[in-house]
Amino acid sequence: MLTERQLLILKIIIDEFIDSAHPVGSRVISKKDGIALSAATIRNEMADLEDLGYLEKTHTSSGRIPSEKGYRYYVDHIIAPTIKRSEINILNSVLQEGYFEVEQIVQKAAEVLSELTNYTAIILGPEIYDTKLKQIQLLPLSAHSAVSILVTDTGHVEHRSFSVPFDMHASDLEKMVNILNDRLSGVPIIHLQEVIRDEVIHLMKQYVNNFEKAYAYLSKVFIQEQPVKVYVGGKSNLLLQPEFRDINKIHSFLSVMEDEQEIAKLMQTSKEGIHVRIGQENDMDAIKDFSLITATYHVYGDQTGTIGLLGPTRMEYRKVITLLNAFSSEMTKALYLMYKNN
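Below you will find a few notes about this structure. (Residues numbered from 1 in each chain as written. Predicted model: local features only at pLDDT ≥ 70, side-chain atom pairs only at ≥ 80, totals over all residues. Heavy atoms only, no water.)

Let's talk about the overall build of the protein
For step 1, the next point in the chain: Along the protein, the regular secondary structure elements total twelve helices and ten strands.
For step 2, the next point in the chain: Counting across all 342 residues of the protein, residues that qualify as buried make up 48%.
For step 3, the next point in the chain: Long-range contacts, defined as pairs at least 24 residues apart, comprise 62% of the intrachain contacts of the protein with a sequence gap of at least 6.
For step 4, the next point in the chain: Surface summary for the protein: the accessible area is close to 17,300 Å², and the carbon and sulfur share equals 49%. (Helix = DSSP H or I, 4+ residues; strand = E, 2+ residues; numbered from the N terminus. Buried < 20%, exposed > 50% of the residue type's maximum accessible area, 1.4 Å probe, protein only. Contact = heavy atoms within 4.5 Å. Areas by Shrake-Rupley, 256 points an atom, 1.4 Å probe, with all protein chains shown as cover.)

Laid out in structure tokens, this is it:
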């Protein structure tokens with residue numbers, strides 16, 4: 001266990017380094033209010049904290065910077081959540097703007113979160129395994145083209161355009177949609193293909209002319225691999241951080257940001273609540289120099305998504321943890337009300 005004096009010095013160094021990005025020396029600490037210690041005593045305590053692994057000494061300065069172990073102790077034992085009322089007001093005003101789709105709320109939340117922190121905000125949509133189909137519509141655009149509209153129980157709406165075969169009549173399309181809604185409403189998206197194969201195709205044989213061609217088009221329109229829903233805000237914010245002004249240092253990170261599947265791997269978690277991963281605690285090599293803080297939110301019932309902020313290990317942990325707690329709670333409320341109203 002650290003002594004009270006060591007705790008105080010460690011907190012001052014981390015707070016100062018988060019704010020300035022410069023190594024912190026004994027003189028800076030001695031000038032802080034409430035510090036009645038000599039520079040020599042402070043230097044001795046800093047040396048002990050370095051020996052314990054909480055601080056590191058840079059080659060270019062006599063000051064110290066926090067180690068990942070120091071940040072971990074800071075997060076687990078020192079900081080207490082605080083938040084400005086103005087930030088909560090901004091969040092509430094955004095979520096009360098009357099959106100009608102999950103995507104609108106989530107994308108706006110990612111943008112606001114990145115603006116409030118100057119970090120990269122990532123929000124992972126609800127797990128596709130939990131999402132169920134609510135309704136299907138087919139709208140003719142012309143004699144030989146139409147658009148399909150899929151609505152899920154989370155409020156997600158997806159549009160897919162397709163060509164209508166010359167020998168397929170509008171009445172057959174209508175029958176097909178009626179069968180699909182009757183049999184597929186409430187079915188998890190991930191199981192659509194299985195239910196269509198085992199149940200729907202038999203009804204189509206009975207009621208739809210030229211059902212083989214209808215089934216072929218059905219497969220193209222409705223049976224597709226469902227993309228992971230990832231929303232990113234402030235992708236370039238990290239370029240503004242002093243640690244990442246060398247583009248070569250974050251080349252791998254920028255590559256990951258172009259791949260939604262890779263982003264989803266960063267964010268996926270089976271645990272509820274707030275989780276902080278610092279530097280080497282991250283599994284992915286591309287973000288070993290970053291800190292990632294995530295929180296879960298609920299869409300409806302057991303359906304969950306993940307909100308995260310990615311930044312340097314010199315992250316404003318107190319602010320970020322508190323903001324994510326607030327965003328998780330307020331997004332869950334907003335999405336529940338949207339689902340209930342729909």
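Some details on the sheet that holds strand S4 (residues 133-142)
For step 1, the next point in the chain: Spatial strand order, S4-S5-S6: three strands in an open sheet with antiparallel pairing. Two strands in the sheet have a free side with no partner beyond their single neighbour: S4 and strand S6 (157-163). Shown here is a sheet whose adjacent strand axes are inclined to one another by a mean of 20 degrees, direction ignored. (Pairing = 2+ DSSP bridges. Axes fitted to C-alpha atoms, helices over the stretch in contact; angles between N-to-C directions.)

Here's the deal with the side chain of Arg314
For step 1, the next point in the chain: With respect to the helices, strands and loops of the structure, Arg314 is situated in the loop between strand S10 (303-312) and helix H12 (317-341).
For step 2, the next point in the chain: Side-chain polar atoms of Arg314 contact the side chain of Gln241, separated by 3.0 Å.
For step 3, the next point in the chain: Apart from residues no more than four positions distant in its own chain, Arg314 is found in contact with Phe17, Ile18, Ala21, Tyr71, Tyr119, Gln241, Pro242 and Glu243. (Polar contact = N/O pair within 3.5 Å; in protein donor to acceptor, adjacent residues only side chain to side chain.)

Some details on helix H6 (residues 102-117)
For step 1, the next point in the chain: Taking 1.5 Å as the rise per residue, H6 with 16 residues should run 22 Å; its terminal C-alpha atoms sit 23 Å apart, in good agreement.
For step 2, the next point in the chain: Burial in H6 covers these residues: Val102, Glu103, Ile105, Val106, Ala109, Ala110, Val112, Leu113, Ser114, Leu116 and Thr117. (Expected span 1.5 Å × (residues − 1).)

Side note on unusual backbone geometry
For step 1, the next point in the chain: Positive phi, normally seen in glycine, also occurs at Ala21, with a value near 65 degrees.
For step 2, the next point in the chain: You can see Ala21 is positioned in the loop between helix H1 (4-20) and helix H2 (26-30).
For step 3, the next point in the chain: A positive phi is found at Asn118, a non-glycine position, where the angle reads about 65 degrees.
For step 4, the next point in the chain: Positionally, Asn118 belongs in the loop between H6 and strand S3 (120-124).
For step 5, the next point in the chain: Classification of Asn118 as partly exposed rests on a relative accessible area of 44%.

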